[in-house]
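# Structure at a glance
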Amino acid sequence: MTDALPEKGVPGEQILAELRELRAGDLPTHGGRLFAYVYDPALDGLDELAHAAHATSAHVNGLDPTAFPSLLAMENALVAAAARLLGGGPATVGSVTSGGTESLILAVKAARDARPDIRSPRLVVPASAHAAFAKAAHYLRVELDVVPLSGLRADPRATAAAITADTVLIAASAPSYAHGVVDPIPEIAAIAAEHGVRFHVDACFGGWILPYLRRLGPDLPVGDLPGAAVPGVAVPGRDLPDFDLSVPGVTSISVDLHKYAYAPKGVSILLHASEELRRPQYFAHADWPGYTMINPVISSTRSGGPIAAAYATLRSIGDTGYLALAAKTRESVTVLAAAVEATEGVRLYAPTETTVVCLASDGVDLFVLADELAARGWHTQPQMAHADHPPTIHLTVTAAVHATAASFAPDLAEAVAAARARGPIQLPPLPPLTPESVTPELIASLAEGLGLGAGDFTQMATVNTILNAAPPALREALLTGFLSLLQRPTPVTR
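Figured I'd write up the structure that's included with this text. (Residues numbered from 1 in each chain as written. Predicted model: local features only at pLDDT ≥ 70, side-chain atom pairs only at ≥ 80, totals over all residues. Heavy atoms only, no water.)

## What about the overall build of the protein?
Worth spelling out the cut-off: The secondary structure listing takes helices from DSSP runs of H or I that are at least 4 residues long and strands from runs of E that are at least 2 residues long, numbered from the N terminus. As defined in this context, the radius of gyration uses C-alpha atoms, and a globule is described by 2.2 Å times the residue total to the power 0.38. Throughout, exposure labels follow a simple rule: accessible area from a 1.4 Å probe, protein chains only, divided by the maximum for the residue type, with under 20% read as buried, over 50% as exposed, and the rest as partly exposed. Residue contacts follow a heavy-atom distance rule, with two residues in contact if any of their heavy atoms lie within 4.5 Å. With residues, only the protein chains shown are counted as cover, and all accessible areas are computed by Shrake-Rupley using a 1.4 Å probe. By the counting rule applied here, Lys and Arg register as positive and Asp and Glu as negative, while His and the ends of each chain are not counted. To locate a charge, take atom NZ for lysine, CZ for arginine, CG for aspartate or CD for glutamate.
Each helix and strand in the protein was counted, giving 15 helices and 15 strands. Over its C-alpha trace the protein gives a radius of gyration of 23 Å, about what one expects of a compact globule, namely 23 Å for 494 residues. Dimensions of the protein along its principal axes, counting C-alpha atoms only, are 65 × 65 × 50 Å. Each of the 494 residues in the protein was classed as buried or not, and the buried ones make up 49%. In the protein, the proportion of contacts linking residues at least 24 apart, taken out of those at least 6 apart, comes to 75%. Accessible surface computed for the protein: about 23200 Å², of which carbon and sulfur atoms make up 57%. Taking the average location of the 33 positive side-chain charges in the protein and that of its 49 negative ones, the two points are 4 Å from each other.

Here is the structure:
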């Protein structure tokens, strides 16, 4: 490991070479073969523009907008664009955050602090809600009421039954991350309004592309990809319910610009229907000898770089550009979904109504399949079983996949055949485990025994099988211990 603080400074070219060498071990962020973590529009020159824009404002501090009005102007422009796209009105206001988790935490904070009379505030979410809501509840000491699903979607009737006098916020997804389906937002919004409770729509994942999918219309144009129109495969965007601030009862909505707006990490937007609704989101403190701290978001000091990069990205792509990217994405989704439907051993688990292809096993070990797909250059996201839902593989589809989608079907067939030949994973003998029994020593021993000690994460089927068999609390303890094992300083010999 190189020394981050050498005795003498190192030439810039050597440092950049070191960074390039480190990056060589990462998954590819471009090329349309990574179905999680990154969002790639495959537009020439966009990366260079975003990097240059980031550099113009990298040292600008968002702590004080009166000192750096350029950042304030860019933030207001981004909020205005999001509000226009997501059904906002003249009273709509918003804030730029570092990501979807921060947006959701702030939505919960605003709802909690708007009701200081409630001593034990509660948050109602469907079981498919993003884990960031659980994080927000944990950080803010809000009780979390998780409502069972109806199929793959939030259940309005169960949501209504979960509301109490202490409920400060109800939330739903548009779409849910795991399955890519949109909850029945109008029905839940009406229930929230009837009870006088705030209602937040988590559109962090797909909110920027849903309006464009709807604008494309119900018919899938015949593109240049074979298999783009297949009977039985849902066309993304068709019959999407209303989901944004135009729906009566929706009081706030969040959308990540570093997802389908294709801005660099990390920029998200949290919109409130009015200034009155947003006011409790702020934190202010004047009772100390220093400057009066007033923060609209969690961070105080904030680099202007990501905001400038997002501003440049939106202006470069433009409205018609996003519509074209949505069309490419939609066609790619149908091609991948058709490949799943045509391959014996796997099946679609969720309708492809947005930009997610979620597949389940129909006779093949999914965790082995994920490894086999990775061996062929397709990097997917395995999802563990939960409640009545089996393990699945999640594919987040972006516009860049349009260039590679046609080659997915033969590779999927090969990967399924290879997974069949390998057979299902047989769990190795393990000691009885509880969350309390997970120690650093145990984690180090498990990692070594599973071949993870040297940092090789290419064969994860056994690991995923173990995690899938573990109850959620044990799974959390195991993964927390493993992440802690990874995040340790490496001794440097000078």
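## Considering a nonpolar patch on the surface
The test is simple: A patch is a set of surface residues, each over 30% in relative accessible area and not in a salt bridge, joined within 9 Å for like charges and within 5 Å for the nonpolar side chains Val, Leu, Ile, Met, Phe, Trp and Tyr. Salt bridges are defined as contacts in which a side-chain nitrogen from Lys or Arg sits within 4 Å of a carboxyl oxygen from Asp or Glu.
Judged by side-chain polarity, Val10, Ile15, Leu16, Leu19 and Leu22 come together as a nonpolar surface patch covering roughly 410 Å² of accessible area. Secondary-structure assignment places Val10 in the segment before α1 (12–23). With relative accessibility at 30%, the residue Val10 sits in the partly exposed group.

## Side note on the sheet that holds strand β14 (residues 381–383)
The line we're drawing: Any two strands are treated as partners once DSSP identifies two or more bridges connecting them. Angles shown run from 0 to 180 degrees and are taken between the N-to-C directions of axes, each axis being a line fitted to C-alpha atoms and, for helices, limited to the stretch in contact.
With antiparallel pairing, the 4 strands of this open sheet are ordered in space as β12-β13-β15-β14. Every other strand in the sheet has two partners, leaving β12 (346–348) and β14 as the edge strands with one partner each. Along the sheet, successive strands turn relative to each other by an average axial angle of 30 degrees, direction set aside. Two elements, β14 and strand β15 (residues 392–396), share 3 bridges in a ladder whose sense is antiparallel. Its bridge partner being in β15, Gln383 is matched across the sheet by Thr392. Across the sheet, helix α10 (residues 305–342) touches β12, β13 (356–361) and β15, and the angle it forms with β12 is around 140 degrees.

Structural measurements only, silent on function.
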